[in-house]
Amino acid sequence: MTDPLDKVPTPDPQGADPKDGGNGGDHGAAVVAAAHPEAIKAIPVRHYGRWIGSVVVLALLGLLVKAFADAQIQWNVVGEKLLDGTFAWGAWETLKITVLSMAIGVVLGAILAVMRLSPNPVLSSVAWAYIWFFRGTPVLVQIFLWFNLSLVFATLDLGPIYKNEMNDVMTPFVAALLALGLNEAAYMAEITRAGIQSVDTGQTEAAHALGMKGSQTMRRIVLPQAMRVIIPPTGNEFINMLKTSSLAFAIGYGELFLRGRQLGSRTLAVMESLIIVSIWYLALTTVFSVGQYYLERHYARGSNRTLPPTPLQRLKAQLTSFRVPSQVGGKTV
């Protein structure tokens, strides 16, 4: 007995359809084409603006290089004086005042951040006023204020502990250190406060429920997690401090920029001295930028399961990607 629903004709093996009298070759080809559609040829979008922009940038760079090449710059002087003891000692003074100023800024900034977050209105108001003043006045003005402090206080009298003339106490190094360190503390206070507030308050409540004191909670729970937010801007502040320390030349502190100005005035090699100073600053900032990168990776371990590859790892991956595969025992190596 025939199934009434089974009325679909069986296609001819040669591709002929019984309905069109056996002339179904074209129909069979259409069926095969429908089963295997032709691959789409994707034509990439041409970004002409990018190429034009690249050409313009390269042209401007070429003009800049040509301008320096044609200028009356004694490049042999740059090579001779680059590692001179004058600039090396100036770089040391720059590094010394930068590290000490940042140490003052980090410690005092952390204290100010805790004061700013304190429920005590006196502490929070004092911290706010400090940040308001030091962020609102230029660093150069602050350097001159400290350097001329003898106009307000002729002597520094600490009773039986210490007493001396203010002019002898407020040397260029001390004035620059106080100005840079106290100014940096205002910025570090805001950075630290942002890091502390980034930690969920539920963790603080849980720590208090376990019997931890406020200082223990801050030291063991909040600050270790806040470091992931604090470290990147702190590294930027350190690198910025390397350059901001050049303002100390105005009061005669022998840092890197002042040594360059003195050499330029003495030998009339002004542009050559500035190029040497720039190279030294670039070298210092590059070294500390690398240190900042690895320090950020260290504190990122608590939030990322897999750390991003380092620049060396990315370079190695790029180099190995160009290796031509070879056949060994029928296997691709």
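Owing to the predicted nature of the structure, the values given are computational and were not obtained by experimental measurement.

Enquirer: When you look at the overall build of the chain in this model, what are you seeing that I'm missing?
Expert: Within the chain, the regular secondary structure consists of 13 helices and four strands. Every one of the 333 residues in the chain was classed for burial, and the buried ones make up 28%. Considering only contacts within the chain whose residues lie at least 6 apart along the sequence, 67% involve residues at least 24 apart. Surface summary for the chain: the accessible area is close to 22,400 Å², and the carbon and sulfur share equals 65%.

Enquirer: What should I look at first to understand the packing of aromatic side chains in this one?
Expert: Describing an aromatic ring pair means giving the distance of the ring centres and the angle of the ring planes. Counted under the stated rule, the structure contains seven aromatic pairs. When the ring of Phe 249 is compared with that of Phe 257, the centres are 5.0 Å apart and the planes differ by 90°; the resulting orientation is edge-to-face. According to the relative accessible area criterion, Phe 249 is partly exposed, its value standing at 27%. Taking the relative accessible area as the measure of exposure, Phe 257 reaches 22% and is therefore partly exposed. The interplanar angle of 85° and the centroid separation of 5.2 Å between the aromatic rings of Tyr 293 and Tyr 294 together place this pair among those described as edge-to-face. Its relative accessible area of 25% is what places Tyr 293 among the partly exposed residues. Owing to a relative accessible area of 39%, Tyr 294 belongs among the partly exposed residues under this scheme. Taken together, Tyr 130, Phe 133 and Phe 134 form an aromatic cluster joined through their ring pairs.

Enquirer: What is the right way to read the side chain of Glu 190 from this model?
Expert: Along the chain, Glu 190 turns up in helix 8 (residues 172-197). The residues touching Glu 190, leaving out its near neighbours within four places in the chain, are Arg 116, Ile 131 and Arg 135.

Enquirer: Explain the environment of Gly 264 to me, please; I cannot follow it from the model alone.
Expert: For Gly 264, the position within the fold is in helix 11 (residues 256-267). Sequence separation between Gly 264 and Leu 274 is 10 residues, and the spatial gap between their C-alpha atoms is 8.0 Å. Those residues in contact with Gly 264, other than ones at most four positions away along the chain, are Ala 269, Val 270 and Ser 273.

Enquirer: Where do I start with the nonpolar core in this structure?
Expert: Counting 19 residues, the largest nonpolar core has Ile 97, Ile 143, Met 166, Met 170, Ala 176, Leu 180 and Ile 251 as its most contacted members. With four residues, the single largest contributor to this core is helix 8. Beyond its immediate sequence surroundings of up to four residues, Ile 251 is in contact with Ile 143, Phe 144, Phe 147, Pro 172, Ala 175 and Ala 176. Residues Ile 73, Val 78, Leu 256 and Ile 275 belong to the second largest nonpolar core, which totals 11 residues.

Calculation rules
Residues numbered from 1 in each chain as written. Predicted model: local features only at pLDDT ≥ 70, side-chain atom pairs only at ≥ 80, totals over all residues. Heavy atoms only, no water. Helix = DSSP H or I, 4+ residues; strand = E, 2+ residues; numbered from the N terminus. Buried < 20%, exposed > 50% of the residue type's maximum accessible area, 1.4 Å probe, protein only. Contact = heavy atoms within 4.5 Å. Areas by Shrake-Rupley, 256 points an atom, 1.4 Å probe, with all protein chains shown as cover. Phe/Tyr/Trp six-rings, centres within 6.5 Å; stacked < 30°, edge-to-face > 60°. Core = buried A, V, L, I, M, F, W, Y, C linked by side-chain atoms within 4.5 Å.

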